[in-house]
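# Architecture at a glance
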Amino acid sequence: MANVSVNAVQPVSFFKENVITHVMHSISDAMSTFKAKRQERRVEKILAGLDPRIVRDILPQ
């Protein structure tokens, strides 16, 4: 087994910092999209259970 030593004070390179930031934003965007889609499905499920005349009055054309 190889010994690996890591210097905790070692600065992170600009490239690595940008990659980490990009990954964090991508994950955040994916979660936001997932939550929005989940909310849309909930609304669609509720509207599907309502009388079509009520839905027509609620939703604009």
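Being a predicted model, the structure only gives us computed values, none of them experimental.

## Remarks on the overall build of the protein
Each helix and strand in the protein was counted, giving two helices and zero strands. Considering the protein as a whole, with its 61 residues, one finds that 2% of them fall into the buried category. Within the structure as shown, the protein displays about 6,200 Å² of accessible surface, and the carbon and sulfur contribution to it stands at 62%.

## Overview of the pattern of salt bridges
All chains considered together, the criterion is met by one salt bridge. We note a salt bridge from D51 to R53, for which the minimum N-O separation is 2.7 Å. Residue class for D51 comes out partly exposed when judged on its relative accessible area of 30%.

## Remarks on a positive patch on the surface
Residues K35, K37, R38, R41 and R42 make up a contiguous surface patch of positive charge. With respect to the element layout, R42 can be found in helix α1 (residues 14-48).

Parameters and conventions
Residues numbered from 1 in each chain as written. Predicted model: local features only at pLDDT ≥ 70, side-chain atom pairs only at ≥ 80, totals over all residues. Heavy atoms only, no water. Helix = DSSP H or I, 4+ residues; strand = E, 2+ residues; numbered from the N terminus. Buried < 20%, exposed > 50% of the residue type's maximum accessible area, 1.4 Å probe, protein only. Areas by Shrake-Rupley, 256 points an atom, 1.4 Å probe, with all protein chains shown as cover. Salt bridge = Lys/Arg side-chain N within 4 Å of Asp/Glu carboxyl O. Patch = residues over 30% accessible without salt bridge, like charges linked within 9 Å, V, L, I, M, F, W, Y side chains within 5 Å. Lys, Arg positive; Asp, Glu negative; His and termini not counted. Charge placed at Lys NZ, Arg CZ, Asp CG, Glu CD.

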